[in-house]
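Listed below are the residues making up each chain.
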Amino acid sequence: MAIHALTTTGFSFHLPFPKCSTAYSRSAGDRARTLCCSSGDGEFSGLINVSTESEFERRGGAQMAKSSDGKRSIQSSDGELGAKNSEIWQLFREAQRNILSLDKQRALAVEELNKAISEKKLLLERIEELEIEKQAMARKDQVSICWELLLRIDSMVLTGTISSGEASQMRQLIMDQKVSILDAFTEILQKKDAELLAELRQLSDRRNKNGFHIVHICTEMAPIASFGAVASFVTGLSQALQRKGNLVEVILPKYGSMDLNEVQGIRETEVEYYSYYNGQLHGNKIWTGVICGIGVTFIQPLYYSSFFNREKAYGYSDDFERFMYFSRAALDYIVKSGKKPDVLHIHNWQTAIIGPLFWDIFVQQGLEGSRILFTCHDIHSQPLIQPEKLALCGLDPTKLHRPDRLQDNPNTHLANIMKGGIVYSNKVVIMSSTHSKGHIIHSSSHGLETTLNMHKDKLLVSPCGFESSSWDPEKDKILPENYSADDMKGKSVCKIALQQKLGLPENASIITVGCFLSDLSDLSDVDKEDLIAIVKNGTRLAVQFIFMTTGKMKSGQKELESLQVKIEDENVRFINRHDETLSHLIFGGSNIILCQSLHDPILQVPLKAMRYGAAPIAITSNDNGFRHFPDHDYETTKLAMFINSTFGYLSFSQALDEINNNPSEWNHKVFDAMTKDFSWDAECCDIYLSAYTAIKSL
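Note that the structure is a prediction, hence the values are computed from the model and not measured.

S.K.: I'm lost on the overall build of the protein chain in this one. Help?
M.R.: Scanning the protein chain from N- to C-terminus turns up 22 helices and 21 strands. Evaluated residue by residue, the protein chain yields a buried proportion of 51% over its 698 residues. In the form shown here, the protein chain has an accessible surface area of approximately 32,800 Å², with 50% of it arising from carbon and sulfur atoms.

Below, the structure written as C-alpha cells:
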C-alpha cells in the first residue's frame, strides 16, 4: 500500500465529511499545505491549500456556498465547517498512524518469514548431516560389535572355555560372516559366554577367507596413546585396511596415564596370563576394547607395574627393559589366546626385538603361518645396549651379537635393536614422504647403510597419509564456506573470515601465509634466521603471516617468545596455543603454508595444505643443505615425486614471484595438488597391502 504525503499531489481516500472542491492560498512567502476534497462521487478531487491546520482553523473554516454554475464551494466564514475540517485532520492523522503501524508490522512479518525460511534451511541441512552421521555410526558400530565379539573369544581362550583351535575358527567365522551374525544376534553382546558359543556354533563354518589378519604390536595409537608419529599411523592405516576388508587389531601397553573414556566397551579379562622375563614367569592383566572401530588389547604387568605407570611413555634409563618386557608379553599373549595372524606388524626400536623373538622362540608355538613386517618411522633413533641384556627376554646373546644380526656396525661391542628389526623381518618399510629408497640407504641411514644395502630387496619406502574425512574443504563444517578444486570461490570467503577473526586487513587478494610450529628445537639457528628473513621480506610486500603453535614446545617458552618479538609486525599474528577450529580456518584461508619439513609424519601439515589449496613451502632445506629436488629413482613414492617436483624446489620468494607474475601456472599447481589423493586409503595403504601379499607367499 503506497502512502502519499500531504503535499500538492492529489490522493484518493474515503472519509465521512462533506464533499468539497476549492482552494485556499496564502502569500507567496508562506508554505502551502494541500488538502484534497471530493465531488459528488465520494472520491477526493481538487485541492485545498493551507499553510497549517491551525491556520486553517483560525480563519474560521470554510462555508459552503453555491456558485453560478450550481456547484458548492468552501467559504471560510462559518465555525461549524471549521470544526468539521479539524475532524478531517484528526481522521487523517489517525489513518496515517494506522498505515505506518501496518507497514511496520508488515516489515517485521517479512523479517520473521525470512528468518523462518533460513532456520528451515539450516534444519534441513542438519537433518541431512545427522542422517549421514547415523549411517557412518551404524557402519562403525558394526565394526565395533564384531571386535567386541572377537575380544570375547580371546577372553574365553584365556579362561579355558574354548580351545585355541576352535577360537581360531570362531574368529574367522565372525570375520567372514559379520553381516549375517549382526543380523541374527541383535543383543549378542549381552549373552553369556556359553549362550554366545552355542549360537555361533549353529552358524555354518563354511567360509571364504578374504583379506589379511594383521596384529600391530606397538607403543602408540591415536587418540588413546599419542606420543609421536606411530600413533596417527597405526590408527589411520588400520582404519584404511579394515575399509578394504582386512581385520586389524592392536596390542598396546596399558599406560597409567591413559584416558579409558576413549575406549569403547573396555573390559578386564577375568584371568591372569604369564610371560617370561629375567628368568621367571610374571603375571599380567589383559584389558580389551575398541578404538575407532579397531580391536585393542592392553597388557598390564603386575609385578613390573611401574614399567608403564609413569608420566611419559619414553625417556627413561630403563626404556629398553620396559619395551622388551612388553614385546615378549605380547607374543606370549598371542600364543595363549590362540591367534594365528597373517602378519605381525612391529614398529620402531621399541618393538623391533619381536623379530628375533619370533624366529628364535615363537615360530614353533603355533605361529608357523605368521610373518613379520617392520615399519621404521624414525631411523635416527637407534638405542644401543649391552648384548647381555638380550637374555632378559629369553634370547641367546652369543647367537645374536654378530655382524649379520644385531651387532652395531660402528660400535661393535654393542647390540643395535633397530638393526635386529631389519634383519629379522620379512619386509621392512621406512616412512618418508620426500626421499627415495636409494637416498635413504646411502644418505639417511644413520649408520645402517651396510645393513640396509644387504637387505635392500625386502626394503620398501612409504609416505604418510592423513585423515581425509576430517580434512576436506568440500565438506569441512568448520569453514564458513566450502570449496573444491573446481569451485574455489569459498576459499576467498575463508580468507576474509580468517582476516576478520585475527584483526588483519581484509582483502582476498592479499597473500596469506600460515605456519604451524611444533618444536623450535627441530630448527637450527640458521633455519630460525631463515624464518625471520622470510617474514621480514614478506611483510614489506604486505604479505600476512599467521603462526600457530601445536602444543607444548620442548625448546621452552623463552625461545618461543624471542622468536615472536623478532617477527612482530602489524601483518603478523601469533597464536601461542593449538586451536583445532582455527587451524582449519588457517588452512582454508592461506595461499601458502610454511612447513618445518615436507616430511611431517605427526601433523601431516604438507598433505593437509595441498588438500586445502595452499602450497606447502619448506622453511628450511634438507639435510644436505639443498632444497628438495625431484628424485627420479624408480623406487620413489608417488607423493615424493609430486611434492618435490611441484613445491619442493620452490623457496618462499620464488613462490611469491610465481603467484604474482605467473598466476596461471600457480593455479594449475594448486588445482593438481587438490585433486590428488594422499590419504591413508591411497598410496600408503596400497604399499602395505602389497607388502603383506608378498610376505604371505614366502
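S.K.: Please clarify how the packing of helix 7 (residues 319-336) against helix 9 (residues 354-362) should be interpreted in this entry.
M.R.: Relative orientation and spacing of two packed helices are given, respectively, by the angle between their axes and the distance between those axes. Closest axis-to-axis distance for the helix 7/helix 9 pair is 10 Å, and the angle between their directions is 45 degrees. Between helix 7 and helix 9, the angle is such that the two are oblique. Note on packing geometry: the crossing formed by helix 7 with helix 9 is right-handed. For the pair formed by helix 7 and helix 9, the contact residues are Ser327, Arg328, Leu331, Asp332 and Val335 on the first element and Ile354, Leu357, Phe358, Ile361 and Phe362 on the second.

S.K.: It is not clear to me how the side chain of Arg611 should be interpreted in this structure. Could you clarify?
M.R.: One can find Arg611 in helix 18 (residues 605-611). A distance of 2.9 Å separates a polar atom in the side chain of Arg611 from a polar atom in the side chain of Asp472. When near neighbours in sequence (up to four residues on either side) are disregarded, Arg611 contacts Phe466, Trp471, Asp472, Pro473 and Met674.

S.K.: Even after reading the chapter, I still don't get the nonpolar core, so can you show me in this structure?
M.R.: Note that soluble globular proteins tend to have their nonpolar side chains buried in a common cluster. If you look at the biggest cluster of nonpolar residues, it comprises 94 residues, and the most contacted ones within it are Ile217, Leu390 and Tyr692. When residues in this core are grouped by element, the largest group, 10 residues, is from helix 7. Discounting residues that sit within four places of it in the chain, Ile217 has contacts with Ile251, Phe326, Ala330, Leu331, Ile334, Leu344, His345, Ile346, His347, Thr351 and Ile354. Core analysis: the next-biggest nonpolar cluster, separate from the first, contains 65 residues, Leu517, Ile534, Leu598 and Val670 among them.

S.K.: Please clarify how helix 19 (residues 638-648) should be interpreted in this entry.
M.R.: Because an α-helix completes one turn every 3.6 residues, residues spaced three or four positions apart along the sequence face the same direction. Counting buried positions along helix 19 gives 8 out of 11 residues, so the element sits mostly inside the fold. Of the positions making up helix 19, those classed as buried are Leu639, Ala640, Phe642, Ile643, Asn644, Thr646, Phe647 and Gly648. If you follow the buried residues of helix 19, they end up packed against helix 18, strand 21 (615-618), helix 21 (663-675) and helix 22 (680-696).

S.K.: It is not clear to me how helix 7 should be interpreted in this structure. Could you clarify?
M.R.: For helix 7, spanning 18 residues, the distance from its first C-alpha to its last is 26 Å, which sits close to the expected 26 Å at 1.5 Å a residue. Within helix 7, 16 of the 18 residues are buried, leaving the element largely enclosed by the surrounding structure. After helix 7 finishes, the residue Gly338 shows a positive phi value of roughly 75 degrees.

S.K.: How should I be thinking about a nonpolar patch on the surface in this particular structure?
M.R.: Together, Leu123, Leu124 and Ile127 give the surface a local cluster of nonpolar side chains, amounting to about 300 Å² of exposed area. Within the secondary structure, Leu123 is located in helix 2 (residues 79-158). Residue classification places Leu123 among the exposed residues on the basis of a relative accessible area of 52%.

S.K.: Before we go on, may I ask you to explain the packing of aromatic side chains in this structure?
M.R.: Think of a pair of aromatic rings as described by two things: how far the centres are apart, and how the planes are tilted against each other in angle. Applying the stated rule across the entire model yields 31 aromatic pairs. Look at Tyr277 and Tyr304: their rings are 5.2 Å apart centre to centre, the planes differ by 80 degrees, and that puts the pair in the edge-to-face class. Here the residue Tyr277 occupies a position in strand 8 (residues 273-277), and Tyr304 occupies one in the loop between strand 10 (294-301) and helix 7, the gap between them amounting to 27 residues. By relative accessible area, which is 4% here, Tyr277 ends up buried. We classify Tyr304 as buried; its relative accessible area is 17%. Aromatic rings pair up to connect Phe227, Tyr255, Tyr277, Tyr303, Tyr304, Phe307, Phe308, Tyr314, Phe323, Tyr325, Phe326 and Trp349 into one cluster. A cation sits over an aromatic face here: Lys254 above Trp287, 4.9 Å from the ring centre. Over the ring of Tyr316 we find Arg310; its NZ or CZ atom is 4.9 Å from the centre of that ring.

S.K.: What is the right way to look at the sheet that holds strand 19 (residues 572-575) in this model?
M.R.: Two strands in a sheet stick together by hydrogen bonds in their backbones, pointing the same way (parallel) or opposite ways (antiparallel). Taken in spatial order, the 5 strands of this open sheet run 19-18-17-20-21, and their pairing is parallel. Only two strands of the sheet have a single neighbouring strand rather than two, namely strand 19 and strand 21. Within the sheet, the average angular offset between the axes of one strand and its neighbour, ignoring direction, is 20 degrees. Pairing between strand 18 (residues 544-549) and strand 19: 4 bridges, direction parallel. Bridged to Phe545 within strand 19 is Val572.

S.K.: Where do I start with the packing of helix 6 (residues 229-243) against helix 22 in this structure?
M.R.: Viewed as axis vectors pointing N to C, helix 6 and helix 22 meet at an angle of 80 degrees, and their least axial separation amounts to 10 Å. Taken together, the axes of helix 6 and helix 22 lie roughly perpendicular to each other. Side by side, helix 6 and helix 22 meet where Ser232, Phe233, Gly236, Leu237, Ala240, Leu241 and Arg243 of the first sit next to Trp680, Asp681, Cys684, Cys685, Tyr688, Leu689 and Tyr692 of the second. Looking at the contact of helix 6 with helix 22, its residues break down into 10 nonpolar, 2 polar and 2 charged.

S.K.: Help me understand the pattern of salt bridges, please; the structure alone is not making it clear to me.
M.R.: Pairing of side chains with opposite charge becomes possible as their charged atoms draw close. Taken as a whole, this structure holds 18 salt bridges when the rule is applied. Of the charged contacts in the structure, one is a salt bridge between Asp686 and Lys244, with a shortest N-O distance of 3.1 Å. Residue Asp686 is found in helix 22, and its partner Lys244 is found in the loop between helix 6 and strand 6 (247-253); the two are separated by 442 residues along the sequence. Residue classification places Lys244 among the partly exposed residues on the basis of a relative accessible area of 37%. The network of salt bridges with common partners includes Asp154, Glu249 and Lys339.

S.K.: What's the story with the pairing of strand 8 in this structure? I'm lost.
M.R.: Side chains on a regular strand alternate between the two faces of the sheet. Alternating residues of strand 8 divide into Tyr273, Ser275 and Tyr277, all buried, and Tyr274 and Tyr276, none buried. Bridging between strand 8 and strand 9 (residues 280-291) involves 5 bridges; their strand directions are antiparallel. Bridging across to strand 9, Tyr273 finds its partner in Asn284. Taken together, strand 8 and the strand that follows it, strand 9, pair antiparallel across an intervening segment of 2 residues, in which Asn278 is found at a positive phi of about 55 degrees.

S.K.: Even after reading the chapter, I still don't get the environment of Ala614, so can you show me in this structure?
M.R.: As for its position among the elements, Ala614 is in the loop between helix 18 and strand 21. Residues in contact with Ala614, not counting those within four places in the same chain, are Lys491, Phe587, Ser590, Asn591, Ile592, Ile593 and Ala609.

S.K.: Is there a simple way to think about unusual backbone geometry in this case?
M.R.: With glycine set apart, most residues show a phi of negative sign, and most peptide bonds adopt trans. With an omega dihedral of 0 degrees, the bond running from Ala222 to Pro223 counts as a cis peptide bond. Counting through the fold element by element, Pro223 comes out in the loop between strand 5 (213-217) and helix 6. Although it is not a glycine, Asn278 sits at a positive phi angle of roughly 55 degrees. Along the chain, Asn278 falls in the loop between strand 8 and strand 9. Look at Asn278 and you get partly exposed, because its relative accessible area is 45%. With a phi angle near 55 degrees, Gln604 is a residue other than glycine that sits in the positive phi range.

S.K.: I would appreciate a short explanation of the side chain of His435 in the present structure.
M.R.: Structurally, His435 is set in the loop between strand 15 (427-431) and helix 12 (437-443). There is a polar contact of 3.3 Å between the side chain of His435 and the side chain of His439.

S.K.: I would appreciate a short explanation of the confidence of the model for the protein chain in the present structure.
M.R.: Low pLDDT marks regions whose predicted coordinates should not be analysed in detail. Taken over all residues, the pLDDT of the protein chain has a mean of 83, while the share at 70 or more is 79%. Within the model, pLDDT remains below 50 along residues 1-76, and this stretch shows 144 contacts once partners closer than five positions in the same chain are excluded. A low-confidence stretch, residues 621-626 (pLDDT under 50), is modelled with 5 contacts involving residues beyond four sequence positions or located in other chains.

What counts and how
Residues numbered from 1 in each chain as written. Predicted model: local features only at pLDDT ≥ 70, side-chain atom pairs only at ≥ 80, totals over all residues. Heavy atoms only, no water. Helix = DSSP H or I, 4+ residues; strand = E, 2+ residues; numbered from the N terminus. Buried < 20%, exposed > 50% of the residue type's maximum accessible area, 1.4 Å probe, protein only. Areas by Shrake-Rupley, 256 points an atom, 1.4 Å probe, with all protein chains shown as cover. Axes fitted to C-alpha atoms, helices over the stretch in contact; angles between N-to-C directions. Parallel < 35°, antiparallel > 145°, perpendicular 65-115°, else oblique. Left-handed = near helix turned anticlockwise from the far one by under 90°. Contact = heavy atoms within 4.5 Å. Polar contact = N/O pair within 3.5 Å; in protein donor to acceptor, adjacent residues only side chain to side chain. Core = buried A, V, L, I, M, F, W, Y, C linked by side-chain atoms within 4.5 Å. Expected span 1.5 Å × (residues − 1). Patch = residues over 30% accessible without salt bridge, like charges linked within 9 Å, V, L, I, M, F, W, Y side chains within 5 Å. Salt bridge = Lys/Arg side-chain N within 4 Å of Asp/Glu carboxyl O. Phe/Tyr/Trp six-rings, centres within 6.5 Å; stacked < 30°, edge-to-face > 60°. Lys NZ or Arg CZ within 6 Å of the ring centre and 35° of its normal. Pairing = 2+ DSSP bridges. Nonpolar A, V, L, I, M, F, W, Y, C, P; charged D, E, K, R; others polar. pLDDT = per-residue confidence, 0-100.

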